[in-house]
Amino acid sequence: MKLYYSRLQIELTRRCNQSCAHCCRGEAQNIDLTKAIVDTFFEKNDIYCISNLLFSGGEPTLNGEMLEYFIDKIIEKDIIVYSFMLSINGLSYSKELINGLNKLRDYIILKSNSEGYYPGILMISQDQFHKEANQEVIEKLKDLPYFSPIDKHIIKEKNILPYGRALENGLSKQQPDLSNLTNYQKSYKIKEYEGTTYLVIDYQYISANGNIINNGCESYDLMDEYALGNVQDQSIEEIHLKNQVKKLTLK
Ligand code: SF4
C-alpha cells in the first residue's frame, strides 16, 4: 500500500538553544533524529506523496544535517512534494539546512514544471517569548526566495498551547485536550485509485526518537506517552492497520 500524506511533520531534534517560557515541548532533551531512523522510515514505507512537509524541533538548525539527509531521500525516491514549511528561532544558522531547503525548492519546481511557483516558507519566530534573532543569521537568510520577512508580534494568552513549560508557568488560557493525540482513526482513510491502494494520512508527526504521533502540539513527554508506534519497529501501514495500535484512551 502506498502512503499519501496531506501533512507530515518531522522533528529534527529535541535540543534547543533557548528556553522560552511558553514552550509547549517542556524541557529540551538531548535527542536528535538519526540517519538510521530516516533510512528505516524510507525502507519500510512506500511513500507516494507528501503534500505539505513540515520540519520542527527543538531548534531545527541544530540538526540541519538530518533535514538535508531527509530531503536527499525524498529526491532519490522521487516522492511528490508540493510545499514545505519551518520556523527557526534565529539564534543559529545551518549550512546543511539551507542546502536541503534549496534542493527541495528546486526539486518541487522541477517536478511541478512551473518556474514562478513559491513552494516553501522559512520563518524566524519573533514574539514576546523568543530572544531577538541574530543579525548575522538574518543576513544569511534574507535573500532566500522562501524566507518570510520577520513579523515581530505578541502571542495572545488564548493562543498559547497548554503543555510543557507554558502549562508549568500558567501562561495559557486553554485546558489541555489530548483528544487529538488519541483520535488516530479519524486521521487516515484507505482509497483506491486506478488499481492502486493508498493509505491517505491527514497529518502525522515523526519524533526525533522515531515515535509516530497523531498530533504534534504537545510536550515531548505526552507525545511519547501517546505514541502510536515507532518507525524503527513497524511500517506505517502496520502501525495503522494491523491492530498494532494500542487502544489509546485519555488517562
Ligand atoms: S519555543 Fe522553540 S525556541 Fe523556544 S524553547 Fe521551545 S523549541 Fe526552543
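Fair warning: this is a prediction, and the values are worked out from it, not measured in the lab. (Residues numbered from 1 in each chain as written. Predicted model: local features only at pLDDT ≥ 70, side-chain atom pairs only at ≥ 80, totals over all residues.)

(A) Quick look at the packing of helix H1 (residues 35-44) against helix H2 (residues 64-77). Direction vectors running N to C along H1 and H2 enclose 20°, while the axes themselves pass 10 Å from each other. Classed by the angle they form, the pair H1 and H2 counts as roughly parallel. The handedness of the crossing between H1 and H2 comes out as right-handed. Counting all contacts with H1, which are made through Lys35, Val38 and Phe42, the residues of H2 involved are Met66, Tyr69, Phe70, Lys73 and Lys77. Here the residues of the contact of H1 with H2 sort into five nonpolar, no polar and three charged. (Axes fitted to C-alpha atoms, helices over the stretch in contact; angles between N-to-C directions. Helix = DSSP H or I, 4+ residues; strand = E, 2+ residues; numbered from the N terminus. Parallel < 35°, antiparallel > 145°, perpendicular 65-115°, else oblique. Left-handed = near helix turned anticlockwise from the far one by under 90°. Contact = placed C-beta atoms within 7 Å. Nonpolar A, V, L, I, M, F, W, Y, C, P; charged D, E, K, R; others polar.)

(B) Looking closely at the packing of H2 against helix H3 (residues 95-112). As a packed pair, H2 and H3 sit with axes 7 Å apart at the nearest point and diverge in direction by 25°. The pairing of H2 with H3 is recorded here as roughly parallel in orientation. Crossing geometry of H2 relative to H3 is assigned as left-handed. Two secondary-structure elements touch here, H2 through Gly64, Glu65, Leu67, Glu68, Ile71 and Ile75 and H3 through Glu96, Leu97, Asn99, Gly100, Lys103, Leu104 and Tyr107. Residues of the contact of H2 with H3, tallied by class, amount to six nonpolar, three polar and four charged.

(C) How the structure looks around the pairing of strand E2 (residues 46-56). With nine bridges connecting them, strand E1 (residues 2-11) and E2 associate as parallel partners. Of the residues in E2, the one forming a bridge with tyrosine 5 is isoleucine 50. Taken together, E1, H1 and E2 form a β-α-β motif whose crossover is right-handed. Here E2 pairs with strand E3 (residues 80-88) via six bridges, running parallel. Looking across to E3, one finds that leucine 54 is bridged to methionine 85. Considered for its hand, the β-α-β crossover made up of E2, H2 and E3 is right-handed. (Pairing = 2+ DSSP bridges. Right-handed = clockwise from strand over helix to strand, strands pointing away.)

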